[in-house]
Amino acid sequence: MFTLSKTAIVTGAASGIGAAIAKRLAKDGYNVAINCSSEKSASERGAAVAEKCREYGVEAECFVADVSSFEACDKMVKEVKARFGSVDVLVNNAGITKDGLLARMSEEQFDTVIAVNLKSVFNMTRAVTPIMMKQRSGRMINISSVAGLYGNAGQVNYSASKAGIMGITMSAAKELGARNITVNAIAPGFVQTPMTDVLPDNVKESILGATALKRFAKPEEIAGAASFLASDDAAFITGQVIVVDGGLSM
Ligand code: NAP
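A brief look at the structure comes next. (Residues numbered from 1 in each chain as written. Predicted model: local features only at pLDDT ≥ 70, side-chain atom pairs only at ≥ 80, totals over all residues. Heavy atoms only, no water.)

**Things to note about the site of the ligand**
To keep it simple, the criterion reads: Any residue with at least one heavy atom within 4 Å of a molecule or strand is counted as near it. Definition of a polar contact: a pair of N or O atoms within 3.5 Å, with one able to donate and the other able to accept a hydrogen when the atoms are protein atoms, and with sequence-neighbouring residues admitted only if both atoms are side-chain atoms. All accessible-area figures derive from a Shrake-Rupley calculation using a 1.4 Å probe, and residue coverage is judged against the displayed protein chains alone.
Neighbouring the ligand are 31 residues; S15, S37, S41, Y158 and T193 lie closest to it. A distance of 3.1 Å is found between an oxygen atom of the ligand and a backbone nitrogen or oxygen belonging to G12. D66 is positioned such that a nitrogen or oxygen atom in its side chain is 2.9 Å from a nitrogen atom of the ligand. Taken by itself the ligand offers 890 Å² of open surface, and the protein chains cover 90% of this.

Written out as structure tokens, the structure reads:
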């Protein structure tokens, strides 16, 4: 039994920022498709996120797909549409790091990060676009990073992927605006998640020192920005990159 007809797909929603966004959109009343990269992550972590979402009275289910695969994304979006009836919000959140200095970065390190972080955004956007065009409405929200705006030593691959996301965001916003589809990006600074937990203490301390608010973001604070961009209050905002970094990059 659906309580609302609106549906959101969140990629990489079993963990960190994606899990927080899935839960926030469920709280906002969306049925949520929780994308997980594997059956293992769906059963170990995605299922708990889905359960939490359902506590808000909406439908929520895990959909397994490797977002770097064009075919897998297309199949997943068709499954979500068949299951929930529409796709109203797409959050491209899935991402990885494979850090290393440029002088030592392998081709595999570069290609994998571009495939998972950037090509995935094309794959998912391409699959969802015909559905939203037909609906004449939709919200796409892409999770970029301040590394895509300003660069970061040791992250040539990651920064390129996150800057590329901004390019897709602006071009898609121009193409799809006439169909009442908005496309925006969020550029977080340092957020406390499994991705950043592994960073050495000296790196964390230096980021903390450069952050005006002198703390790291909670995933829920990025989810708040996503909730706003999905809401009616953001209807006239498109092609933008909203920086949510506690004053790190100014
Ligand atoms: P995280 O906790 O490591 O979560 C990353 C998510 O991406 C996981 O749920 C993972 O799914 C998913 N994922 C990875 N490869 C995938 C694939 N091939 N197919 C489908 N899903 C895949 O990291 P996070 O910090 O929440 O990061 C979320 C996003 O925010 C990323 O795009 C990241 O670049 C961005 N970001 C993070 C920070 C930060 O400080 N944490 C700052 C700026 C931007 P499974 O668990 O199912 O494998």
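**A short note on the sheet that holds strand β2 (residues 31-36)**
The criterion, for reference: Strand pairing is defined by DSSP finding a minimum of two bridges between the two strands. Put simply, DSSP marks the helices as runs of H or I at least four residues long and the strands as runs of E at least two long, and each gets a number from the N terminus on. Between the N-to-C directions of two axes lies an angle of 0 to 180 degrees, each axis being a line fitted to C-alpha atoms and, for a helix, fitted only over the stretch in contact.
The strand order β3-β2-β1-β4-β5-β6-β7 describes an open sheet built from 7 strands, whose pairing is parallel. Each of the sheet's edge strands pairs with one partner strand only, and the pair in question is β3 (60-64) and β7 (241-244). For this sheet, the mean inter-axis angle between neighbouring strands, taken without regard to orientation, is 20 degrees. Here strand β5 (residues 138-143) runs beside strand β6 (residues 181-188); their pairing, made up of 6 bridges, is parallel.

**As for the nonpolar core**
To keep things clear, this is the line we draw: In plain words, nonpolar cores are sets of buried Ala, Val, Leu, Ile, Met, Phe, Trp, Tyr and Cys residues tied together by side-chain atoms within 4.5 Å. The classification of residues rests on relative accessible area computed with a 1.4 Å probe and restricted to protein chains. Under 20% of the type maximum is buried, over 50% is exposed, and intermediate values are partly exposed. We call two residues contacting when some pair of their heavy atoms lies within 4.5 Å.
Counting residues in each nonpolar core, the largest one holds 36 residues, and the members touching the most others are I21, L25, I34, I141 and I186. If you list the elements that add at least two residues to this core, you get β1 (7-10), α1 (16-27), β2, α2 (39-54), β4 (89-92), β5 and α9 (219-230). The element that contributes the greatest number of residues to this core is α1, accounting for 7 residues. Those residues in contact with I186 that lie beyond four places of it in its chain are I141, N142, I143, S144, S145, I222, A225, A226, L229, I242 and V244.

**Observations concerning α9**
Filter applied, for reference: For a helix, the expected span equals 1.5 Å multiplied by the number of residues minus one.
Taking 1.5 Å as the rise per residue, α9 with 12 residues should run 16 Å; its terminal C-alpha atoms sit 17 Å apart, in good agreement. Considering only its buried residues, α9 is in contact with α1, β4, β5, β6 and β7.

**Details of the state of the cysteines**
Using the following cut-off: Counting rule for disulfides: a pair of cysteine sulfur atoms within 2.5 Å.
Applying the stated criterion to the full structure yields 0 disulfides. C36 supplies the cysteine sulfur nearest to C62, a cysteine that is in no disulfide, at a spacing of 4.1 Å. The cysteine C73 is free of any disulfide, with C36 supplying the nearest cysteine sulfur at 13 Å. C73 gets classed as buried once you look at its relative accessible area, which sits at 0%.

**Quick notes on the packing of aromatic side chains**
The test is simple: To pair, rings of Phe, Tyr and Trp, with the six-membered ring standing in for Trp, must have centres within 6.5 Å; the planes then decide the type, stacked if under 30 degrees apart, edge-to-face if over 60, and tilted in the middle.
This structure, assessed with the given rule, holds 3 aromatic pairs. Seen in terms of ring centroids, F70 and F122 are 6.0 Å apart; in terms of plane orientation they differ by 20 degrees. Their pairing is stacked. With F70 in helix α3 (residues 70-84) and F122 in helix α4 (residues 107-135), this residue pair connects regions lying 52 residues apart in the sequence. Geometrically, the ring pair formed by F190 and F216 is tilted, given 3.9 Å between the ring centres and 35 degrees between the ring planes. Of the two residues, F190 is situated in the loop between β6 and α7 (194-197) and F216 in the loop between α8 (201-210) and α9; the sequence distance between them amounts to 26 residues. Comparing F190 with F216 shows no difference in burial state: the two are buried.

**Let's talk about the packing of α4 against helix α6 (residues 156-176)**
For any two helices packed against each other, one specifies the inter-axial angle together with the distance between the axes. What counts, and what does not: By definition in this entry, angles of less than 35 degrees are roughly parallel, angles greater than 145 are roughly antiparallel, angles of 65 to 115 are roughly perpendicular, and the rest are oblique. Note: crossing handedness is left-handed where the near helix turns anticlockwise from the far helix by less than a right angle, and right-handed where it turns clockwise. The nonpolar class holds Ala, Val, Leu, Ile, Met, Phe, Trp, Tyr, Cys and Pro. Asp, Glu, Lys and Arg form the charged class, and all remaining residues, Gly among them, are polar.
At a minimum axis distance of 8 Å, the contact between α4 and α6 shows a crossing angle of 15 degrees. As far as their axial angle goes, α6 and α4 are roughly parallel. At the point where α4 passes α6, the crossing takes the right-handed sense. Taken together, the residues of α6 that come into contact with α4 (itself represented by Q109, F110, V113, I114, N117, L118, V121, F122, T129 and M133) are V156, N157, Y158, A160, S161, K162, G164, I165, I168 and L176. For the contact of α4 with α6, a count of residues per class yields 13 nonpolar, 6 polar and 1 charged.

Remember, this is a structural readout, not a statement about activity or role.
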